[in-house]
Protein chains: 2
Amino acid sequence: MRKGVRLCITGSEVMNGFVLDRNTQFFASELYARGLELIESRIMPDDPEQIVKTWKEFSASGDLIVNSGGLGPTSDDLTVDLLCEWLGDTAVYEPHAEKRTRYFFEKRAKDKTRVMSIDVALRQARIPSKATAIKNTVGLAPGIFIPEVPFIALPGFPDEIRGMWPEVLSIIERLDFSRSAMRIIPLWGVGESQLFSVLEKSDGVLVGVHALPWGCRLFLRSDPKHEPALDEMVATLHSRYPGQIVENPLLNIIESLKSQNLKLAVAESCTGGLAAKQITDLAGVSSVFQGGAVSYANSAKTALAGVSPEIVEAHGAVSAECAAAMCRGIADNLQADLSLSFTGIAGPDGGSAAKPVGTVFIGLFDRRTGETRVGKFFFPFGRERFRNASVATGFLALWQHLERAQARPFPLSELN
Amino acid sequence: MRKGVRLCITGSEVMNGFVLDRNTQFFASELYARGLELIESRIMPDDPEQIVKTWKEFSASGDLIVNSGGLGPTSDDLTVDLLCEWLGDTAVYEPHAEKRTRYFFEKRAKDKTRVMSIDVALRQARIPSKATAIKNTVGLAPGIFIPEVPFIALPGFPDEIRGMWPEVLSIIERLDFSRSAMRIIPLWGVGESQLFSVLEKSDGVLVGVHALPWGCRLFLRSDPKHEPALDEMVATLHSRYPGQIVENPLLNIIESLKSQNLKLAVAESCTGGLAAKQITDLAGVSSVFQGGAVSYANSAKTALAGVSPEIVEAHGAVSAECAAAMCRGIADNLQADLSLSFTGIAGPDGGSAAKPVGTVFIGLFDRRTGETRVGKFFFPFGRERFRNASVATGFLALWQHLERAQARPFPLSELN
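Residues numbered from 1 in each chain as written. Chains lettered and ligands numbered in written order. Predicted model: local features only at pLDDT ≥ 70, side-chain atom pairs only at ≥ 80, totals over all residues. Heavy atoms only, no water.

**Examining the overall build of chain A**
Consideration 1: For chain A, the helix and strand inventory stands at 15 helices and 17 strands.
Consideration 2: Within chain A, the proportion of its 416 residues that are buried is 56%.
Consideration 3: For chain A, the proportion of contacts with a sequence separation of at least 24, taken over those separated by at least 6, is 69%.
Consideration 4: By element, 51% of the accessible surface of chain A is carried by carbon and sulfur atoms, the whole surface being about 17400 Å². (Helix = DSSP H or I, 4+ residues; strand = E, 2+ residues; numbered from the N terminus. Buried < 20%, exposed > 50% of the residue type's maximum accessible area, 1.4 Å probe, protein only. Contact = heavy atoms within 4.5 Å. Areas by Shrake-Rupley, 256 points an atom, 1.4 Å probe, with all protein chains shown as cover.)

Now the structure itself:
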């Protein structure tokens, strides 16, 4: 049985720092989630000698080799030629890729944006004759699978790899790998330190805890014969943390708002636009997202979110009362049904003994019931993580509110 | 002469996908910027056999080995023990690190947050006896330099590596590397295709173009003996693109606003809070940043940025008139001296023949002169890059406005 997978990431643009290699992490997490082992990832320039030397060394182990990069049409795209040289094979046009390449070539000729000859363009439609093609739905160059090594060649572009990934997985499924049983549980609002009592009962189960701004993701791993123990642990987690096991609260929120035809608004002080930015990262939210106020200055809290200066004077800008006024005010201003507000101290300066750096008040308003809830949280993890944790907590609270989940891990207390 | 640097990145948390390796890119760009070559980066788990095998293979080349990870106190932190085993050396306490470790250990004992014994904690204060310590100002474990290999061991945490980097560079300077002469030019608002006429005159100069959302960064590289040709090319670029060669306009803007005691506000439609988010990513901006409106819905443009519904009705929400009204309105609402506004079509839907996806209007208002300027731009690169390019362009325009640069690559035309 094969032990695992070895990656070869090629591309001079990675070696001079222009491009951050995200493929290693993509492959690593995809393989880990399926109980497969990633043994090594080697990143190197488009250097023929270095690449073939690496392939040869990797192939001696019997592990699956996955190569990314080098499948385009230009002269530094070497993968197909090097594979043919190494395996004593010849390159042939893959019919589907050839057809698509010719089609786009003609189209570009019409647009007068053609920059290369058809012969050069067709280089990316080639695969070794012994290979099976993996269809590329995003770009033009097909992926390559050579069972005898075994070897999979993919393009370097993350979006093309993602497009091919289902087919790659089906190839991996057919190879004979030693693998573990695995369960993955996203757990919002729960840190590693709170999990000791659950994790200690883990006979035969290896627990990996991936800390994230919004909580953690648990990876429960076991020998296949201990799979029932995995499922038991999952059931325990579900009963202990109802409403907190959810993949992405924001996506759920948007779907829920759309189906109920409800409008959302946000008022942000310490998070400075991050919540609005994350919402509008998603396409198609304009039917449910009205907008928001980034009320950094106190006068902006009044001008944009209708917070009366008396509230700020009496309780401070970082207070439950101000958070409540902010979410009610922005909902009124933007005629929203639901709203979130954030006011806190991101740091590094501005803290006090009563309200240290890391303190944040999150408000939630629901026009349908007139309810305003505010929670106080403490995320003393530095500016960036403070802001990420604050926004994530707000989205989780809103999702739980929309779901009317019984258990609320962040009980935003009712404020009148 | 040594050819370059080989990296060994160790850490099981990278191999299961929990952590994205950013160290390879950091080392790659830092070395490339100094004309040094990164030959390979190998990422592997905390596996003693695999790590030592890699070091041995690397050391045969005579290149500098840089290892990151494995310097902490826990049992999977193997670097020091493996180095001693490999080099026939013994570990000793490094006095400075020992003192710091004991200090923090006592402090934690008082806080009752001590989780390990002093012996375990002191593991991270050890270095091989032959080694020179590299001071860690962020964490506790010192870095390690072993001249005879040569070998540098650094922690895995990016912030600790950054803290040690000046000392690492001074070590690298003293090693005998073959290196190129290098000049790096950040060029705002200029794409690769516009650079042909400059780049073709590059006798003896290798030009690397790193495309970025806001333009590109040019890397001009030559043999040391061609260094004058590099400087000539840099002079040409400065005279051709005045006001566009700037490292980070946003940082310059904040400094300029602070020194002049001016207040900034933003009104964002298509960018959805991204500009405000980028401004508030920076600590200490509250003295110059009032806040902003995320006016996604048309009604929000009216409620937050005072845009009259007639303007939207007559010209559309994506128009020069609306952009002008947005920046004037938000400046009035928030009593700002300067403001930026963004309204456009991020896509994928919502485009038309007259205003296709990728169209954006950027407005700039200056209360001191009453001047309102608006520019129309086209960034048809997908939602994320569209938003990044829009915000970057706005910041560049504002910086050039504050500098009163004569040449304005994005001439925001005056609108009354």
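From this point, the narrative continues.
**Let's talk about the relation of the copies chain A and chain B**
Consideration 1: With an RMSD of 0.1 Å, chain A superimposes on chain B once it is rotated by 180° and translated 0.1 Å along the axis. Such a combination of turn and shift is consistent with a two-fold rotation axis.
Consideration 2: Of the residues that chain A buries at the interface, 100% are likewise interface residues in chain B, meaning the two copies contact each other through the same surface. (Least-squares fit on C-alpha atoms with pLDDT ≥ 70 in both.)

**Digging into the sheet that holds strand 7 (residues 143-146) of chain B**
Consideration 1: Reading across from one edge, 6(A)-7(A)-8(A)-3(A)-1(A)-2(A)-2(B)-1(B)-3(B)-8(B)-7(B)-6(B) is the order of the 12 strands in this open sheet, with mixed pairing throughout. Because the sheet does not close on itself, it has two edges, and the strands there are strand 6 (132-134) of chain A together with strand 6 (132-134) of chain B. Each strand axis lies, on average, 15° off the axis of its neighbour in the sheet, ignoring direction.
Consideration 2: Against the sheet, helix 3 (residues 48-59) of chain B contacts strand 2 (38-44) of chain A together with strand 1 (5-10), strand 2 (38-44), strand 3 (64-68) and strand 8 (151-154) of chain B, and its axis sits at roughly 170° relative to strand 2 of chain B. (Pairing = 2+ DSSP bridges. Axes fitted to C-alpha atoms, helices over the stretch in contact; angles between N-to-C directions.)

**Description of the domain arrangement of chain A**
All names here are of chain A.
Consideration 1: Partitioning chain A into domains gives domain 1 (4-174), domain 2 (181-240) and domain 3 (249-414).
Consideration 2: Taking only C-alpha atoms into account, the centre of domain 1 sits 35 Å from that of domain 2.
Consideration 3: Listed by partner, the interface residues are 4 residues for domain 1 and 5 residues for domain 2.
Consideration 4: Taking both sides of the interface into account, the surface hidden between domain 1 and domain 2 amounts to around 430 Å²; carbon and sulfur atoms contribute 62%.
Consideration 5: Per-residue buried area on domain 1 facing domain 2 is highest for Tyr-32, Ala-33 and Gly-35; these three make up 92% of the total on that side.
Consideration 6: Between domain 1 and domain 2 we count 0 salt bridges in total.
Consideration 7: Along the contact surface separating domain 1 from domain 2 lie 0 residue pairs in polar contact (both at pLDDT 80 or more).
Consideration 8: A breakdown of the residues in the side of domain 1 that touches domain 2 according to their chemical character gives 3 nonpolar, 1 polar and no charged. (Domains from an automatic or database assignment. Buried area = accessible area lost by both parts, 1.4 Å probe. Salt bridge = Lys/Arg side-chain N within 4 Å of Asp/Glu carboxyl O. Polar contact = N/O pair within 3.5 Å; in protein donor to acceptor, adjacent residues only side chain to side chain. Nonpolar A, V, L, I, M, F, W, Y, C, P; charged D, E, K, R; others polar.)

**Considerations on the side chain of Thr-101 of chain B**
Consideration 1: Mapped onto the elements of the fold, Thr-101 of chain B is located in helix 5 (residues 95-111).
Consideration 2: With residues up to four places along the chain from it excluded, the contact list for Thr-101 of chain B reads Ala-121, Leu-122, Gln-124, Ala-125 and Leu-140 of chain B.

**Things to note about the pairing of strand 1 of chain B**
All names here are of chain B.
Consideration 1: Of all 6 residues that make up strand 1, 6 are buried, and the element is covered over most of its length.
Consideration 2: Burial along strand 1 is two-sided: the residues Val-5, Leu-7 and Ile-9 and Arg-6, Cys-8 and Thr-10 are all buried.
Consideration 3: Pairing analysis gives 6 bridges linking strand 1 to strand 2, with the strands arranged parallel. Paired with Cys-8 across the strands is Arg-42, a residue of strand 2.

**Digging into helix 3 (residues 48-59) of chain A**
An α-helical turn contains 3.6 residues, so a residue and the one three or four places further along point in the same direction.
Consideration 1: The end-to-end C-alpha distance of helix 3 of chain A, which contains 12 residues, comes to 16 Å, matching closely the 16 Å that a straight helix rising 1.5 Å per residue would cover.
Consideration 2: Taken residue by residue, helix 3 of chain A has Gln-50, Ile-51, Val-52, Thr-54, Trp-55 and Phe-58 of chain A as its buried positions.
Consideration 3: Contact partners of the buried residues in helix 3 of chain A: strand 1 (5-10), strand 2, strand 3 (64-68), helix 4 (79-87) and strand 8 (151-154) of chain A together with strand 2 of chain B.
Consideration 4: N-cap assignment for helix 3 of chain A: the residue whose side-chain oxygen lies 3.0 Å from the backbone N of Glu-49 of chain A is Asp-47 of chain A. (Expected span 1.5 Å × (residues − 1).)

**Some points on the confidence of the model for chain A**
All names here are of chain A.
Consideration 1: Confidence in the prediction for chain A averages 90 pLDDT; 95% of positions are at 70 or higher.
Consideration 2: In this model residues 406-416 is a low-confidence stretch, pLDDT under 50, and it forms 30 contacts with partners more than four residues away in sequence or in other chains.
Consideration 3: With a pTM of 0.80, the predicted complex shows an ipTM of 0.78. (pLDDT = per-residue confidence, 0-100.)

**Observations concerning unusual backbone geometry**
Residue and element names in this part refer to chain A.
Consideration 1: The amide bond that connects Val-149 to the next residue, Pro-150, takes the cis arrangement and shows omega of -10°.
Consideration 2: Along the polypeptide, Pro-150 turns up in the loop between strand 7 (143-146) and strand 8.
Consideration 3: For Asn-261, which is not a glycine, the phi torsion comes out positive at approximately 55°.

**Considering the sheet that holds strand 11 (residues 215-222) of chain B**
All names here are of chain B.
Consideration 1: Spatial strand order, 9-11-10: 3 strands in an open sheet with antiparallel pairing. Looking at which strands have only one partner, the edges of the open sheet turn out to be strand 9 (181-188) and strand 10 (205-212). Neighbour-to-neighbour, the strand axes of the sheet open up by a mean angle of 15°, direction not taken into account.
Consideration 2: Bridge count between strand 9 and strand 11: 8 bridges; the pairing is antiparallel. Across the sheet, residue Pro-186 finds its bridge partner in strand 11, namely Arg-217.
Consideration 3: Strand contacts of helix 9 (residues 227-240): strand 9, strand 10 and strand 11, with the helix running at about 10° to strand 9, the strand carrying the most contacts.

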